[in-house]
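# Fold and geometry: a report
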Amino acid sequence: MSIKAEEISALIKKQLDGYQDELTVAETGIVTYIGDGVVRAYGLDNALSGELLEFQNGVYGMVQNLESNNVGIVVLGDDTGIREGDSVKRTGRIMEVPVGENLVGRVVNSLGQPIDGKGQITTEKTAPIEHKAPGIMERKSVDQPLQTGIKAIDALVPIGRGQRELIIGDRKTGKTSIAVDTILNQKDQNMICIYVAIGQKDSTIKQQVETLRRFGALDYTIVITAGPSEPAPLLYVAPYAGAAMGEYFMNKGRDVLIVFDDLTKQANAYRELSLILRRPPGREAYPGDIFYTHSRLLERAAKLNDKLGGGSMTALPIVETQAGDVSAYIPTNVISITDGQIFLNSDMFYSGDRPAIDAGTSVSRVGGDAQIPAMKKVAGTLRIDLASYHELESFAQFGSDLDEATRSKLDRGARTVEVLKQKLHDPIPVEKQVLILYCLTHGYLDKLPVDDVLRFQTELFHNFDDSHADLLQQIKTTGKLPDEDALKAAVSSFMELFKPSTPASAKQ
Ligand SMILES: Nc1ncnc2c1ncn2[C@@H]1O[C@H](COP(=O)(O)OP(=O)(O)O)[C@@H](O)[C@H]1O
Ligand SMILES: [Mg+2]
């Protein structure tokens, strides 16, 4: 029997080919487990944490766990087409989303793909969804106001550009409404808004998008949504994707407002995928890095220094509480990360004090520097007025013969509560806020029946628009109160025109 040289060389070649195959295991893996949006794969020895992977059927996944003999992957999409034994290959890219101007005015999913039926979005750039937050030297202190158009916020818990202010409260207390109304008020403010909806009903999103569109706010807003029917990983990455889109504008020197609605649902999605990945559960079954999940996200909000263009990203994270319990795990975490919180009180909401902002427990730790001087001047005593009002209120229910000082505090307090009420989708420009608060704190409302306060406000604004637009303009451009005599004269002349519904004396 003779041995053919060609046969041997063919055999060796075949062996060598096989050898090559084994080597590529580092770049491709085999699915060994699939369930609940999580895949374990053998191989992929070189995979990076956070790397994007592509499954055989074209669905993408993201590397979450790097273990000694397998890789834990979360599926970014439908996992029903993936089977055990399928191959999965590295893309060499960390997870990225498209960024750029063309996203503005669009509704996209967590991957930046359009879902509004308005066709493809072409962007030149993409950016990794995870990005290191600006360091200390790259920042500047917050010194410019972000006007929400909501009296109770701009007066009591002012927000500055680059700040992180938490909106916290039970379900259905107006959290989303505050965020949306704040976006509405950014019209013509040269602000890019990003609304990240996490785990919200599709019908709710549709309603919010419609509201934004109706008020012309969609023109400067990007809506990112990960609905409750989508896999948990998409809910988890949505806020990071939003932050990446926001950073693009911030780094160009623009001002950005980003709303995360809400981080409770994002934390729940992260808990779900962590448990399926078999990470050890900690308090309330959240994984050990849940604090880091939120802190690294919210640290990306910043006011950049002038050398870096002076852009800013203001974050309004939303957290939902159960029965007003702010001492639960996620609320305490996020409270400690942010620069203050707007606490919404459900009792106030149901008794009709809307927006239900609890002045006693709401704070803004940096925003005061960012308030315009006129607002600072008129709103200075507001918090004290409110606090002493609430203190006296319960007590006054018993006594009928109150002394003059107590009565006047009660009168002022009742009117303060009334002035801070505001309708939905009715943002008030800062100069008009200053005007009504000026009237309040200078005692012009004290003798009016409480029920007349909001009508007084409406008519006052009309009157000033018609007859004293110069004064309003002055507040707007200089940020300061106009000449006191002129303002007093203007308010007094309006007071003469205003007809209270019942004579003030009859109420006494
Ligand atoms: N300032 C307000 N005045 C009147 N109704 C309001 C106000 N704020 C919110 N609402 C109403 O309250 C309901 C719940 O508000 P929403 O913002 O969805 O609450 P949450 O996001 O806290 O669940 C909505 O139907 C909204 O129309
Ligand atoms: Mg909501």
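Residues numbered from 1 in each chain as written. Chains lettered and ligands numbered in written order. Predicted model: local features only at pLDDT ≥ 70, side-chain atom pairs only at ≥ 80, totals over all residues. Heavy atoms only, no water.

In the annotation of an unreviewed UniProt entry, the chain is listed under the name ATP synthase subunit alpha and assigned to Fructilactobacillus florum 8D. Of the comments in the UniProt record for the chain, the one headed Function (unreviewed entry) reads "Produces ATP from ADP in the presence of a proton gradient across the membrane. The alpha chain is a regulatory subunit." (UniProt positions renumbered as here; feature names shortened; annotations may be inferred.)

A few words now on the domain arrangement of the chain. Taken domain by domain, the chain comprises domain 1 (23–94), domain 2 (97–371) and domain 3 (377–507). Taking only C-alpha atoms, the centre of domain 1 and the centre of domain 3 are 62 Å apart. (Domains from an automatic or database assignment.)

So, about the side chain of Arg 106. Among the structural elements, Arg 106 can be located in the loop between β7 (96–99) and β8 (107–108). Overall, Arg 106 belongs to the buried group, its relative accessible area being 10%. A distance of 2.5 Å separates a polar atom in the side chain of Arg 106 from the backbone oxygen of Gly 119. (Helix = DSSP H or I, 4+ residues; strand = E, 2+ residues; numbered from the N terminus. Buried < 20%, exposed > 50% of the residue type's maximum accessible area, 1.4 Å probe, protein only. Polar contact = N/O pair within 3.5 Å; in protein donor to acceptor, adjacent residues only side chain to side chain.)

With respect to the element layout, Ser 493 can be found in helix α16 (residues 484–497). For the pair Ser 493 and Tyr 33, spaced 460 residues apart in sequence, the C-alpha to C-alpha distance is 78 Å.

Quick look at helix α14 (residues 453–467) now. For α14, spanning 15 residues, the distance from its first C-alpha to its last is 20 Å, which sits close to the expected 21 Å at 1.5 Å a residue. For α14, the set of buried residues is Val 453, Phe 456, Gln 457, Leu 460, Phe 461, Asn 463 and Phe 464. Projected down its long axis, α14 shows its buried positions confined to an angular sector of 165 degrees, all on one face. In α14, the exposed positions that point more than 90 degrees away from the buried face belong to His 462 and Asp 466. (Expected span 1.5 Å × (residues − 1). Arc of directions from axis to C-beta.)

So, about the nonpolar core. Core analysis: the biggest nonpolar cluster contains 76 residues, and Ile 183, Met 375, Val 434, Phe 456 and Phe 464 have the highest contact counts within it. Ranked by residues supplied to this core, first place goes to helix α13 (residues 430–441) with 8 residues. Shared between two domains, this core takes at least three residues from each, and those domains are domain 2 (97–371) and domain 3 (377–507). With residues near it in sequence (within four places) discarded, Val 434 still touches Ile 372, Ala 374, Met 375, Val 378, Ile 475 and Leu 481. (Core = buried A, V, L, I, M, F, W, Y, C linked by side-chain atoms within 4.5 Å. Contact = heavy atoms within 4.5 Å.)

Quick look at the site of ligand 1 now. Close to ligand 1 lie 13 residues, the nearest being Lys 172, Gly 174, Lys 175, Thr 176 and Ser 177. Between an oxygen atom of ligand 1 and a main-chain N or O atom of Lys 172, the distance comes to 2.8 Å. In isolation ligand 1 has 560 Å² of accessible area, and contact with the protein removes 73% of it. Assessed atom by atom at 2 Å from the grid points, ligand 1 resides in the largest pocket. Sort the elements by how many residues they give to the shell around ligand 1 and helix α3 (residues 175–184) lands first, with 3 residues. (Near = heavy atom within 4 Å. Areas by Shrake-Rupley, 256 points an atom, 1.4 Å probe, with all protein chains shown as cover. 1 Å grid on protein atoms, 1.4 Å probe; cavity = no way out; pocket = protein on both sides within 12 Å on 5 of 7 lines; lining within 4 Å. Sits in = over half its atoms within 2 Å of the grid points.)

The next point concerns the UniProt feature "binding site: ATP" (unreviewed entry) in the chain. Cross-referencing UniProt, the feature "binding site: ATP" (unreviewed entry) maps to Gly 169, Asp 170, Arg 171, Lys 172, Thr 173, Gly 174, Lys 175 and Thr 176 in the present numbering. Cross-referencing the annotated residues with the lining of the largest pocket gives Arg 171, Lys 172, Thr 173, Gly 174, Lys 175 and Thr 176. Summarising the element assignment, Arg 171 is placed in the loop between β12 (166–169) and α3. For Arg 171, a relative accessible area of 55% translates into the label exposed. In this view, Arg 171 contacts Glu 320 and Thr 321; residues no more than four positions away in its chain are not counted.

Turning to the pattern of salt bridges, a few remarks are in order. Opposite charge on two side chains makes pairing possible when the charged atoms of those side chains draw close. Enumeration according to the criterion identifies 23 salt bridges in this entry. The salt bridge partner of Glu 27 is Arg 90, with a shortest N-O separation of 3.4 Å. Separated by 63 residues along the polypeptide, Glu 27 in the loop between α1 (5–23) and β1 (28–35) and Arg 90 in strand β6 (residues 87–94) bring together distant segments of the chain. For Glu 27, a relative accessible area of 37% puts it in the partly exposed group. (Salt bridge = Lys/Arg side-chain N within 4 Å of Asp/Glu carboxyl O.)

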